[in-house]
Amino acid sequence: MAELTSLSYVWWCALTGRRGRLLWVAASALTGEGVALMVGNGDCPLGPLQKRLGDPVPLFELVLPPRAARAAVPVLTGVAGLGLAVVLVRSVPHMPVRP
């Protein structure tokens with residue numbers, strides 16, 4: 001839920017132009033999750049703990065069909081990356097156009 005909330009907040013800031021400390025907390029959370037997924041080769045870093053606790057069903061498969069669950073990480077990564085890119089582009093002061 002924290003990651004989806006962070007993703008929603010980043011997009012809200014991207015669309016409204018809002019900036020502040022909470023935006024950077026959300027962006028840091030998404031970046032940290034992205035790094036953890038890269039280290040885990042796209043698998044949730046909590047997957048081994050989940051299996052050790054006796055739950056073999058991946059998190060996304062609890063709410064999505066298997067094919068959609070496999071696509072969830074790349075799709076959400078793209079949505080997060082695009083949102084962060086929009087925030088960055090809209091944060092750069094625009095250069096005045098000279099005739």
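Sequence order as written defines residue numbering, which begins from 1 separately in each chain. Totals for whole chains, interfaces and linings use every residue, but because this is a predicted model, local features are given only for residues with pLDDT of at least 70 and side-chain atom pairs only at 80 or more, for both listing and counting. Side-chain numbers come from the whole structure's heavy atoms, not from hydrogens or water.

Q: Can you walk me through the overall build of the protein chain in this structure?
A: Helices and strands together make up the secondary structure of the protein chain, namely four helices and zero strands. A run of H or I in DSSP becomes a helix once it reaches four residues, and a run of E becomes a strand once it reaches two; helices and strands are each numbered from the N terminus. Beginning at the N terminus, the succession of helices and strands in the protein chain can be written as α-α-α-α. In this description the radius of gyration comes from C-alpha coordinates, and the expected globular size is given by 2.2 Å times residues to the power 0.38. Taking 99 residues into account, the globule formula puts the C-alpha radius of gyration at 13 Å, and the protein chain, at 17 Å, lies well above it. With respect to the principal axes defined by its C-alpha atoms, the protein chain has extents near 65 × 25 × 25 Å. In this scheme, a residue with accessible area under 20% of its type's maximum is buried, one over 50% is exposed, and one in between is partly exposed, where area comes from a 1.4 Å probe on protein chains only. Out of the 99 residues in the protein chain, the part that is buried amounts to 19%. In the protein chain, of all internal contacts separated by at least 6 residues, the share reaching a separation of at least 24 is 54%. We get accessible surface area from the Shrake-Rupley algorithm with a probe of 1.4 Å; when it comes to residues, only the shown protein chains can shield them. Within the structure as shown, the protein chain displays about 7,500 Å² of accessible surface, and the carbon and sulfur contribution to it stands at 70%. Within the protein chain, the 5 negative side-chain charges are centred at a point lying 16 Å from the centre of the 9 positive side-chain charges. When checking whether two residues touch, look at their non-hydrogen atoms; a contact exists if any pair is within 4.5 Å. Working convention for charge: Lys and Arg count positive, Asp and Glu count negative, and His plus the chain ends are omitted. Note that the charge is assigned to NZ on lysines, CZ on arginines, CG on aspartates and CD on glutamates.

Q: When you look at the environment of Leu-46 in this model, what are you seeing that I'm missing?
A: Relative to the helices and strands, Leu-46 resides in the loop between helix 2 (21-39) and helix 3 (47-52). In sequence terms Leu-46 and Pro-58 are twelve residues apart; their C-alpha atoms lie 9.7 Å from each other.

Q: Can you walk me through the environment of Arg-70 in this structure?
A: Along the polypeptide, Arg-70 turns up in helix 4 (residues 66-91). Between the alpha carbons of Arg-70 and Leu-59 there is a distance of 11 Å; along the sequence they are eleven residues apart.

Q: Please clarify how the nonpolar core should be interpreted in this entry.
A: Proteins that are soluble and globular tend to have nonpolar side chains buried together. Counting residues in each nonpolar core, the largest one holds ten residues, listed as Leu-7, Tyr-9, Val-10, Cys-13, Ala-14, Leu-23, Ala-26, Leu-30, Ala-80 and Val-87. Taken together, the elements giving at least two residues each to this core come down to helix 1 (2-16), helix 2 and helix 4. In terms of residues, this core owes the most to one element, helix 1, which gives five residues. Discounting residues that sit within four places of it in the chain, Ala-80 has contacts with Leu-7 and Leu-30. Side-chain atoms within 4.5 Å link the members of a nonpolar core, which is a set of buried Ala, Val, Leu, Ile, Met, Phe, Trp, Tyr and Cys residues.

Q: Would you explain the packing of helix 1 against helix 2 in this entry?
A: For any two helices packed against each other, the geometry is given by the interaxial angle and the distance between the axes. Helix axes use the C-alpha atoms of the stretch in contact, all axes being lines fitted to C-alpha atoms, and the angles between their N-to-C directions lie in the range 0 to 180 degrees. Helix 2 packs onto helix 1 with a crossing angle of 130° between their chain directions and a minimal axis gap of 9 Å. Relative to helix 2, the element helix 1 is oriented oblique. Read as a crossing pair, helix 1 and helix 2 show a hand that is left-handed. Side by side, helix 1 and helix 2 meet where Glu-3, Ser-6, Leu-7, Tyr-9, Val-10 and Cys-13 of the first sit next to Leu-22, Leu-23, Ala-26, Ala-27, Ala-29, Leu-30 and Glu-33 of the second. Broken down by class, the residue content of the contact of helix 1 with helix 2 amounts to ten nonpolar, one polar and two charged. Between 65 and 115 degrees an angle is taken as roughly perpendicular, under 35 as roughly parallel, over 145 as roughly antiparallel, and anywhere else as oblique. Left-handed describes a crossing in which the near helix is turned anticlockwise from the far one by less than a right angle; the clockwise case is right-handed. Put simply, Ala, Val, Leu, Ile, Met, Phe, Trp, Tyr, Cys and Pro go in the nonpolar bin, Asp, Glu, Lys and Arg in the charged bin, and everything else, Gly too, in the polar bin.

Q: Would you mind going over the packing of helix 2 against helix 4 with me for this structure?
A: Interaxial distance between helix 2 and helix 4 falls to 11 Å at its minimum, and their mutual angle equals 145°. In the packing of helix 2 onto helix 4, the handedness of the crossing is left-handed. Contacts between helix 2 and helix 4 involve Leu-23, Trp-24, Ala-27, Leu-30, Thr-31 and Leu-37 on the former and, on the latter, Val-73, Ala-80, Leu-84 and Val-87. For the contact of helix 2 with helix 4, a count of residues per class yields nine nonpolar, one polar and no charged.

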